[in-house]
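# Structural overview for review
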Amino acid sequence: MKCGARLRYWLYCVSSAMMNFSNFYFWVCISLLAYSMGASPLQLGIIQATSATITTTTSPFLGMLSDKLRPHWMVRASSLMFAAACAVLLLVSGINVWLYVLAVILSGLTSATYWPTVQATVAKEVDKNNVNRDMSRFAVFWSVGKSVGYMIAGYIFQYAGGKYSLAVPAAVAGSIMFWYPFGANTGDSKLPKELAELPGHHYLKLDEEPVMAINESGPRLSLEERRSLEEARNHKEKEDCTQKVLDGTSGKELSDPKPEDSTQSEDTRRTKDASTQTNPDDYTMKPEIQEIVIDMKISQEEVQKSAEMKKLNSQFLPLVYMLNFCVYGILATLNSQLIHLIKEYNIHIGNLVSTEQYLGVFMCTLFSVQTVMFVIFGMTTAWLYRLWLMFLVEGVLVLCLWGIAFIPQAYAVLAFGVGIGACAAFAIQSSIIVSLRMSETAKGKFAGINETVVSSGSAILPLVAGGFASLEQASPKTPYATCGCVIALCGVAQGCWYIAQNVIERRRQAKAGAVNAPASKDEEAK
């Protein structure tokens, strides 16, 4: 389906909601089916880890592939793979719990293909001045899809024949391939990486010739506008050339160019070549370009601000990746292990929510709060790059996880889920925004790296927590106490990393100052 840029953006959002709805409906069914077959916490952890490992190992490559291929075909392929995963789970259900691995391998490939591709597509096509707002809205949609999928999965599973309820996520995800939009050809731009990454001027090239320089925060021309502009420029040059021929002023120049003097020395030719080279800063834009592009040059203050922002992104990227690794690991642990705590302590809410439905209600509550926080975070970026806020979020996570471990009561667990949802929104949004700000030309690559980080957490932490819970002296509370300790260690690691970065940076600046100081004194003496 072909449509305008803004409509495409909203369709991307809707598709993300539908994919997450299907994916987490699928995982509720896996937890309930596996528990009904007597799966241990370690087995549930292995199933979760298998899917996440597939996503971890393939996301970077598929993310880079989305920068080169047509993204809409990759999304359609992921939709088809997820429908196949539901079909496989339906066929192997009730035979052997280890056969569930076949279904979750396809599910992992779906996540590795879909999310880096769609996130990079959205980041490329949204307004560059409103990336935080549009990415927050995108996050709201997929978070709503996740919440609804968790909420209704338990009810449909209980009242619609168990494994046969998998037809719902298969149909929802499979429908995406029929209406997902054919996006703009963002991969056709030939802007060199070294020019695209400059903090100041950006020279857009067509036919290997500099055409314009634009402000990082100023107007950007679409590919269609640039092509129209180039066609107009070529047409005008052809008319000028034809007119010169008709006037007889350039016939000799066109048909018999002056040969280069072979007796010229090498130094003379080098001097001549150097004098005729075009300096991009001295390039004079044609009048028709000047009517479209304004503010060609930016001030030194803006250049410095852009460089400082890139440095800040590089400094905070490892910190937000550490936090997001742990947060996704916690969410995956809750998803795979909470069913044992619910059944062991008979956690339910009167006649309204049974033990089979409580897992979905808890996860829906968690992700509903996460959705609200995404809306709030989308209104401003004042919360971004705040180290104290990051440590506060980690402290709240530790308290909530240990609360679930030591107070396994229905309403208390829901309250702790509210805290986890708010903290998860901070971690997820920070990781996405900082990742996509790292590069203008390789957004798919960094989206893939981000997906690798979160998938690693989803693979490792449930496996570790499930392993501890399977020990002889362990209980269903063990996974959450373990996750709380991991978050505490994450905070310590972040603090050490931040201090080490500052020490290295101060030494580098001191060394640079020592090198430049003698040169300055020599210049003053001269």
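The structure contained in this document is the topic of the report that follows.

Here is what the cut-offs are and how they apply
Residues numbered from 1 in each chain as written. Predicted model: local features only at pLDDT ≥ 70, side-chain atom pairs only at ≥ 80, totals over all residues. Heavy atoms only, no water. Helix = DSSP H or I, 4+ residues; strand = E, 2+ residues; numbered from the N terminus. Buried < 20%, exposed > 50% of the residue type's maximum accessible area, 1.4 Å probe, protein only. Contact = heavy atoms within 4.5 Å. Areas by Shrake-Rupley, 256 points an atom, 1.4 Å probe, with all protein chains shown as cover. Core = buried A, V, L, I, M, F, W, Y, C linked by side-chain atoms within 4.5 Å. Expected span 1.5 Å × (residues − 1). Salt bridge = Lys/Arg side-chain N within 4 Å of Asp/Glu carboxyl O. Phe/Tyr/Trp six-rings, centres within 6.5 Å; stacked < 30°, edge-to-face > 60°. Lys NZ or Arg CZ within 6 Å of the ring centre and 35° of its normal. Patch = residues over 30% accessible without salt bridge, like charges linked within 9 Å, V, L, I, M, F, W, Y side chains within 5 Å. Disulfide = S-S within 2.5 Å. Axes fitted to C-alpha atoms, helices over the stretch in contact; angles between N-to-C directions. Parallel < 35°, antiparallel > 145°, perpendicular 65-115°, else oblique. Left-handed = near helix turned anticlockwise from the far one by under 90°. Nonpolar A, V, L, I, M, F, W, Y, C, P; charged D, E, K, R; others polar.

### Here we look at the overall build of the protein
When you go through the protein residue by residue, the secondary structure sums to 18 helices and two strands. When the 526 residues of the protein are sorted by exposure, 47% land in the buried category. Contacts in the protein between residues at least 24 apart in sequence constitute 83% of all its contacts with a sequence separation of at least 6. For the protein, the accessible surface area stands at approximately 25,100 Å², while carbon and sulfur atoms represent 62% of it.

### Some words on the nonpolar core
Core analysis: the largest hydrophobic core is formed by 115 residues, its most contacted members being Phe 26, Tyr 100, Phe 138, Leu 334, Tyr 358, Phe 362 and Ile 420. Those residues within four positions of Leu 334 in sequence are excluded, and the remaining contacts are Leu 359, Phe 362, Met 363, Leu 366, Ile 404, Ile 420 and Tyr 480.

### Here's the deal with the side chain of Asn 335
Mapped onto the elements, Asn 335 comes out in helix H13 (residues 300–344). Not counting residues within four places of it along the chain, the set of residues in contact with Asn 335 comprises Trp 27, Ser 31, Gln 48, Tyr 150, Leu 359 and Met 363.

### A look at helix H15 (residues 387–406)
Across its 20 residues, H15 extends 29 Å between first and last C-alpha, which sits within 8% of the 28 Å expected from 1.5 Å per residue. Along H15, the positions that sit buried rather than exposed are Leu 387, Leu 389, Met 390, Val 393, Glu 394, Leu 397, Val 398, Cys 400, Leu 401, Gly 403, Ile 404 and Ala 405.

### Notes on the pattern of salt bridges
In total, this model carries one salt bridge according to the counting rule given. Where Arg 508 meets Glu 505, a salt bridge forms, and the shortest distance between an N and an O atom there is 2.6 Å. Here Glu 505 and Arg 508 lie together in helix H18 (residues 478–525), a separation of three residues that amounts to about one turn.

### Some points on the packing of aromatic side chains
Two aromatic rings, taken as a pair, are described by how far apart their centres are and by the angle between their planes. Throughout the structure, instances matching the rule amount to 17 aromatic pairs. On the numbers, 5.9 Å between centres and 55° between planes, the contact of Trp 10 with Phe 141 is tilted. With Trp 10 in helix H1 (residues 5–36) and Phe 141 in helix H5 (residues 131–159), the pair connects residues that are 131 residues apart, well separated along the chain. Taking relative accessible area as the criterion, Trp 10 reaches 32% and is therefore assigned partly exposed. Measuring from ring centre to ring centre gives 5.5 Å for Tyr 12 and Tyr 180, while their planes differ by 35°; the resulting arrangement is tilted. Of this pair, Tyr 12 sits in helix H1 while Tyr 180 sits in the loop between helix H7 (176–179) and helix H8 (193–196), and the two are 168 residues apart along the sequence. Pair check on accessibility: Tyr 12 and Tyr 180 agree, each one buried. Ring pairing ties together the aromatic residues Tyr 114, Trp 115, Phe 138, Trp 142 and Phe 374, which thus form one cluster. Over the face of the ring belonging to Trp 73 we find Arg 76, whose NZ or CZ atom lies 5.6 Å from the ring centre.

### Quick look at a nonpolar patch on the surface
Together, Ile 460, Val 464, Phe 468 and Leu 471 line one region of the surface with nonpolar side chains, adding up to about 350 Å² of accessible area. Here Ile 460 is to be found in helix H17 (residues 443–469). Using a relative accessible area of 44% as the deciding quantity, one classes Ile 460 as partly exposed.

### A short note on the state of the cysteines
With the rule as written, the count across this model stands at zero disulfides. Take Cys 485: it sits in no disulfide, and the sulfur closest to it among the cysteines is that of Cys 483, at 9.3 Å. Distance from the sulfur of Cys 490, which forms no disulfide, to the nearest cysteine sulfur (Cys 326) is 3.8 Å.

### A word on unusual backbone geometry
The phi dihedral of Asn 346 falls on the positive side, at around 50°, and the residue is not glycine. Of note, Asn 346 is situated in the loop between H13 and helix H14 (355–377). Judged by relative accessible area, which is 47%, Asn 346 ranks as partly exposed. With phi around 65°, Tyr 385 is a residue other than glycine that occupies positive phi space. Considering the arrangement of structural elements, one finds Tyr 385 in the loop between H14 and H15. Taking the relative accessible area as the measure of exposure, Tyr 385 reaches 15% and is therefore buried.

### Re H14
Counted at 1.5 Å a residue, the expected span for H14 with its 23 residues is 33 Å, and the 34 Å between its end C-alpha atoms agrees. Counting buried positions over the 23 residues of H14 gives 17, a clear majority of the element.

### Re the environment of Val 453
Structurally, Val 453 is set in helix H17. Separated by 127 residues in the primary sequence, Val 453 and Cys 326 have C-alpha atoms spaced 9.4 Å apart. Residues contacting Val 453, with those up to four places away along its chain left out, are Tyr 321 and Phe 325.

### Some words on the packing of H15 against helix H16 (residues 410–436)
Orientation of H15 relative to H16, taken along the N-to-C sense of each, is 150°, at an axis distance of 9 Å. One finds that H15 runs roughly antiparallel with respect to H16. The way H15 lies across H16 gives a crossing that is left-handed. Listed contacts from H16 to Leu 389, Met 390, Val 393, Val 396, Leu 397, Cys 400, Leu 401, Gly 403 and Ile 404 of H15 are Phe 416, Gly 419, Ile 420, Cys 423 and Phe 426. Of the residues in the contact of H15 with H16, the class split is twelve nonpolar, two polar and no charged.

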